[in-house]
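Chain by chain, the residues run as shown.
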Amino acid sequence: MTEFAPLFADLSTEPLYIAGPCSAESSDQVLLAARDISAAGIPIFRAGVWKPRTKPGSFEGRGAEALEWLREAKQRYNLRVITEVATPEHLEEVLKYGLDGVWIGARTTTNPFATQQIADALRGVDTAVIVKNPVIPDVDLWIGAIERIYNSGVRRLAAVHRGFGTQQTSPYRNAPHWSVPIELHRRVPELCILCDPSHIGGRRELVAQLSQQALDIGFNGLMIECHPTPDVALSDAMQQITPDALRELLQRLKLHRTPVSRDALSEYRLHIDTIDSRIIELLAERMNIVRAIGEYKQAHGMAVVQQDRYNELLLAAEARAEASNLPSKFVHQIFRAIHEESVRQQIELQQE
Ligand code: PEP
Ligand code: MN
């Protein structure tokens, strides 16, 4: 896949910004959001009309009725308007209303049958298509979905990194495995790759820092969820930001005048940085538990250091190290340091 075209020929400057509410909820909400997003200088408006929700009974979108509101927003505020499609029928409706493009959501990208059906329906259609990453960090599945669309003749194509589902306690709703979009870029260098910090973060406090991180890594643009009154949004309320917050975020973003170089060395380094930040997150998570144990020991009049437990912990770490081909002495040293800090924190608690 080498012959890509910009999503929109007159919008080829970078970064490319897309913003809008998670869902189109009412005509007023759509038009208000569109007005403010257009005023913030953002050329592409997003809003979901059919919402893939984890639990039945949640708000599942207004359906085709909302396409009329999107068409109105497009005309009134001179925006390009895109929405999510999960079936050929959705696509047919969207085209009927003359919208400018579609995105394929993470759950759909995960399913090759569903993606192929949409790809077949796209044959001979001139529209912009954005493919979100699948919910699992499988670069081949993501590339496969993009290839299905490409093979239907679509050239106005982009990918969006929206993070990957995680079972672990993580500060993110969908953990950003940056190495996956980096690998996508290595394998399909001409493809425009955007980042969706809203679905990665899941919390509005994280959106600005994730946006900056994405531009630092070299993503070609951002898709951000923005709602006139996020707290009462019918879906993804916690991660949506107001138009004011969006304007501020854009003003503060540091843009790179020259694209960040992405040679092999810098990609390895970026991968290392991602792993290091995960190590630090895990250490912080461990220390939270250490403090909870400290409180338990205090409440039950127990001593901070339990020698048997300490020995067990070191032996278990050494055994795991050997199984993973790591020198056990090295792992022993690390766990001694971790244990030392844990003890220090528990003693501090006892003294409070
Ligand atoms: C969305 O963009 O609102 C959405 C449902 O995204 P994802 O498919 O990434 O979960
Ligand atoms: Mn959403």
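In this text the structure is predicted, and so the values were computed from the model without any measurement.

Let's talk about the site of ligand 1
Around ligand 1, the neighbouring residues are Cys22, Arg46, Lys51, Glu84, Trp103, Gly105, Ala106, Arg107, Lys132, Arg162, His199 and Glu225. Note that an oxygen atom of ligand 1 is positioned 2.7 Å from one of the side-chain N or O atoms of Arg46. Residue Arg162 places a side-chain N or O atom 2.6 Å away from an oxygen atom belonging to ligand 1. Starting from 290 Å² of accessible surface for ligand 1 in isolation, the protein chains cover 97%.

Re the side chain of Thr109
Along the chain, Thr109 turns up in helix α4 (residues 106–109). We classify Thr109 as buried; its relative accessible area is 1%.

Notes on the coordination of the manganese ion (ligand 2)
Looking at the manganese ion (ligand 2), the protein donor atoms are Cys22 (SG), His199 (NE2), Glu225 (OE) and Asp236 (OD), and they sit 2.0 to 2.4 Å from it. Look at where the donors of the manganese ion (ligand 2) fall in the sequence and you get C-x176-H-x25-E-x10-D. Of this pair, Cys22 sits in the loop between β1 (16–20) and α1 (27–39) while Asp236 sits in the loop between β8 (221–225) and α10 (243–252); the two residues are 214 residues apart in sequence, bridging distant segments of the chain.

Notes on the pattern of salt bridges
Considering all chains together, one arrives at 19 salt bridges under this definition. Between Arg186 and Glu183 there is a salt bridge whose closest N-O contact spans 2.8 Å. Here Arg186 pairs with Glu183, and both are found in helix α7 (residues 179–187), just three residues apart, close to one helical turn. In this structure, a network of salt bridges that share partners links the residues Asp140, Glu183, Arg186 and Arg187.

Some words on helix α5 (residues 112–122)
Along α5, the residues classified as buried are Ala114, Thr115, Ile118, Ala119 and Leu122. Summarising the axial view, the buried residues of α5 lie within an arc of 135°, below the 170-degree limit, and thus occupy one face. Tucked inside the fold, the buried residues of α5 contact α3 (88–96), β4 (101–104), α4, β5 (128–132) and α6 (139–151). If you check the start of α5, you find a side-chain oxygen 2.9 Å away from the backbone N of Phe113, and it comes from Asn111.

Analysis parameters
- Residues numbered from 1 in each chain as written.
- Chains lettered and ligands numbered in written order.
- Predicted model: local features only at pLDDT ≥ 70, side-chain atom pairs only at ≥ 80, totals over all residues.
- Heavy atoms only, no water.
- Near = heavy atom within 4 Å.
- Polar contact = N/O pair within 3.5 Å; in protein donor to acceptor, adjacent residues only side chain to side chain.
- Areas by Shrake-Rupley, 256 points an atom, 1.4 Å probe, with all protein chains shown as cover.
- Helix = DSSP H or I, 4+ residues; strand = E, 2+ residues; numbered from the N terminus.
- Buried < 20%, exposed > 50% of the residue type's maximum accessible area, 1.4 Å probe, protein only.
- Donors = N, O, S within 2.8 Å, 3.2 Å for Na, K, Ca; no water.
- Salt bridge = Lys/Arg side-chain N within 4 Å of Asp/Glu carboxyl O.
- Arc of directions from axis to C-beta.
- Contact = heavy atoms within 4.5 Å.

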